[in-house]
Amino acid sequence: QRLPVPHHVSHVPHYLAYQGRQGAWQRAALIILDGMALHDWLRIGPAWRERHPGWRFHEHLLLAQMPSITAVSRQALVSGLRPADFAETLQSNRSEPDRWAAFWAGQDLPRESCAYARLAPDHAELPAALTGSRARVACLVDQSIDEMVHGSTLGEKGVQAALQVWLDGASRRLEALMAELLQLGFAVYVASDHGHVQAEGMGRPSE
């Protein structure tokens, strides 16, 4: 059952739409922290709570889609579809903006009300698509954690050390962007498409 509580990342758009029908938001922004694992959130969440006592948090544990790689699981997250339903685009993420807009078209929202953007690494400012009054639903992708994980050469300990650096720097700029979204009347939802674990490869792993 994808409602009233989501269980898989492909349930997230349906949950957002359901929340909208229940009057929980007039505008909604989904921020995807690409590659954020549960144990990362267990460090990020408390830091955000301490810094922003006025923010209210509601949490749901979600399962990534299998195989839990970005091209599959993030497409499921933005489209509300199972991977079997978008088999023709499983190899890349180029279709994500169209998938996002197509889902909301099914909820009777026109394309001009749907924004999709990848956040700049410095999170310096809101994407231009969100600065006007037309966007009602927005999907913003932050790839900094995923890039941190892929660039790690020191295993999980190195990733966690880098995550602390991220919390002290880039995260604060992301939090400022989230605060700006709240000021603009958006309800902000944060999700991850997949996580990461340290593993021993077999054969000739490519990474």
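In the block above lies the structure referred to throughout.
Described in the following lines is the structure provided in the data block.

About the criteria used
Residues numbered from 1 in each chain as written. Predicted model: local features only at pLDDT ≥ 70, side-chain atom pairs only at ≥ 80, totals over all residues. Heavy atoms only, no water. Helix = DSSP H or I, 4+ residues; strand = E, 2+ residues; numbered from the N terminus. Buried < 20%, exposed > 50% of the residue type's maximum accessible area, 1.4 Å probe, protein only. Contact = heavy atoms within 4.5 Å. Phe/Tyr/Trp six-rings, centres within 6.5 Å; stacked < 30°, edge-to-face > 60°. Pairing = 2+ DSSP bridges. Axes fitted to C-alpha atoms, helices over the stretch in contact; angles between N-to-C directions.

### Section: the environment of P127
Its place among the elements puts P127 in the loop between β2 (114–118) and β3 (137–142). Classification of P127 as buried rests on a relative accessible area of 16%. Once the C-alpha coordinates of P127 and V5 are considered, the two residues, 122 residues apart in sequence, prove to be 30 Å apart. Ignoring any residue separated from it by four or fewer positions in sequence, one finds P127 in contact with A117, L119 and L140.

### Description of the packing of aromatic side chains
What the rule picks out here adds up to six aromatic pairs. Judged by centre distance (5.1 Å) and plane angle (90°), the rings of F103 and W104 are edge-to-face. On the basis of relative accessible area, F103 is assigned to the buried category, the value being 9%. An aromatic cluster of three or more residues is present, and its members are W25, W100, F103 and W104.

### Notes on the sheet that holds β2
What the four strands build is an open sheet, ordered β2-β3-β1-β4; its pairing is parallel. Two strands bound the open sheet, and with one partner strand each, they are β2 and β4 (186–191). Going across the sheet, the axis of each strand differs from the next one's by a mean of 15°, ignoring polarity. Both strand β1 (residues 27–33) and β3 contribute to a ladder of six bridges, which runs parallel.

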